[in-house]
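Analysis of the macromolecular model
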Amino acid sequence: ARAGGSADGEVFQMSLLRDIAVVLGLQPAVMDVEDVRHYQQVDEILKDGLVIFPYGVGSDSRSPADHSVRAHYGVVHGVCKLGTSEVAVVSHGLSALPVVACLSTWVSSNLSLASPQAESSDWHVDGFDLRGVCLKVSLL
């Protein structure tokens with residue numbers, strides 16, 4: 001592993017992902033996950049951009065899970081309120097189907113990337129900084 005990424009090109013630093021977006025001509029901003037905790041906050045961002053959200057994945061390699069030793073980036077396509085639940089529709093490159101889960105589940109999964117279990121696994125990378133952050137990319 002190397003600082004900020006892996007030997008096969010995976011990016012484990014949000015600041016590095018932001019820099020890549022800048023090179024591509026996009027307007028990215030690193031945000032705290034607390035800024036996307038409620039669907040109204042995410043919906044406002046989606047009016048002119050995207051949210052790229054790192055999260056821990058479960059055994060199905062798609063769904064968000066707490067204390068996971070594997071991480072994916074998800075692209076948030078939409079959010080809504082269903083009854084008392086706030087849900088997000090998210091996709092990632094390993095799946096043709098989007099994943100729908102409560103927004104609180106996505107946030108919890110991201111925040112659990114800081115767990116001792118993740119830190120002590122073979123998956124740990126020097127410079128890892130995906131926990132607690134996401135990336136807003138303005139498209140206008």
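For the structure given in this document, a descriptive report is provided here. It should be emphasised that the depicted structure is a prediction, and the values quoted were computed from it without experimental measurement. (Residues numbered from 1 in each chain as written. Predicted model: local features only at pLDDT ≥ 70, side-chain atom pairs only at ≥ 80, totals over all residues. Heavy atoms only, no water.)

**Concerning the overall build of the protein chain**
- Across its full length, the protein chain carries four helices and six strands.
- Relative to its 140 residues, the protein chain shows a buried fraction of 44%.
- Counted over contacts in the protein chain with a minimum sequence separation of 6, partners at least 24 positions apart contribute 57%.
- Total accessible area computed for the protein chain in this model is approximately 7,200 Å², and 55% of it derives from carbon and sulfur atoms. (Helix = DSSP H or I, 4+ residues; strand = E, 2+ residues; numbered from the N terminus. Buried < 20%, exposed > 50% of the residue type's maximum accessible area, 1.4 Å probe, protein only. Contact = heavy atoms within 4.5 Å. Areas by Shrake-Rupley, 256 points an atom, 1.4 Å probe, with all protein chains shown as cover.)

**Digging into the packing of aromatic side chains**
- All chains considered together, the criterion is met by one aromatic pair.
- Ring centres of Y55 and W106 lie 4.8 Å apart, and the angle between their planes is 90 degrees; on these two criteria the pair is classed as edge-to-face. Here Y55, found in strand β2 (residues 49–56), pairs with W106, found in helix α3 (residues 103–111); they are 51 residues apart in sequence, far enough to count as distant. (Phe/Tyr/Trp six-rings, centres within 6.5 Å; stacked < 30°, edge-to-face > 60°.)

**Observations regarding empty space enclosed by the protein**
- A full pass over the atoms with the stated rule returns one cavity of 30 Å³ or more.
- The space that makes up the largest cavity amounts to roughly 50 Å³.
- Around the largest cavity, the lining residues are V36, V42, V51, F53, V76, A88, V90, L103 and W106.
- Of all the secondary-structure elements, those providing two or more residues to the lining of the largest cavity are β2, β4 (85–91) and α3.
- For the lining of the largest cavity, the class distribution of residues is nine nonpolar, no polar and no charged. (1 Å grid on protein atoms, 1.4 Å probe; cavity = no way out; pocket = protein on both sides within 12 Å on 5 of 7 lines; lining within 4 Å. Points joined across faces, edges and corners; volume = space filled by probe spheres on them. Nonpolar A, V, L, I, M, F, W, Y, C, P; charged D, E, K, R; others polar.)

**A few points about a nonpolar patch on the surface**
- Residues L16, I20, L24, L26 and L139 make up a contiguous nonpolar surface patch of roughly 430 Å² in combined accessible area.
- The exposed category is assigned to L24, whose relative accessible area is 62%. (Patch = residues over 30% accessible without salt bridge, like charges linked within 9 Å, V, L, I, M, F, W, Y side chains within 5 Å. Salt bridge = Lys/Arg side-chain N within 4 Å of Asp/Glu carboxyl O.)

**Considering helix α1 (residues 14–23)**
- Residues of α1 that are buried include every one of M14, L17 and A21, and no others. For α1, the angular spread of buried residues about the axis comes to 60 degrees, placing them on one side.
- The inward-facing, buried residues of α1 abut β1 (27–32), β2, β3 (71–82) and β6 (133–138).
- Positive backbone phi, at 85 degrees, marks G25, one or two positions downstream of α1. (Arc of directions from axis to C-beta.)

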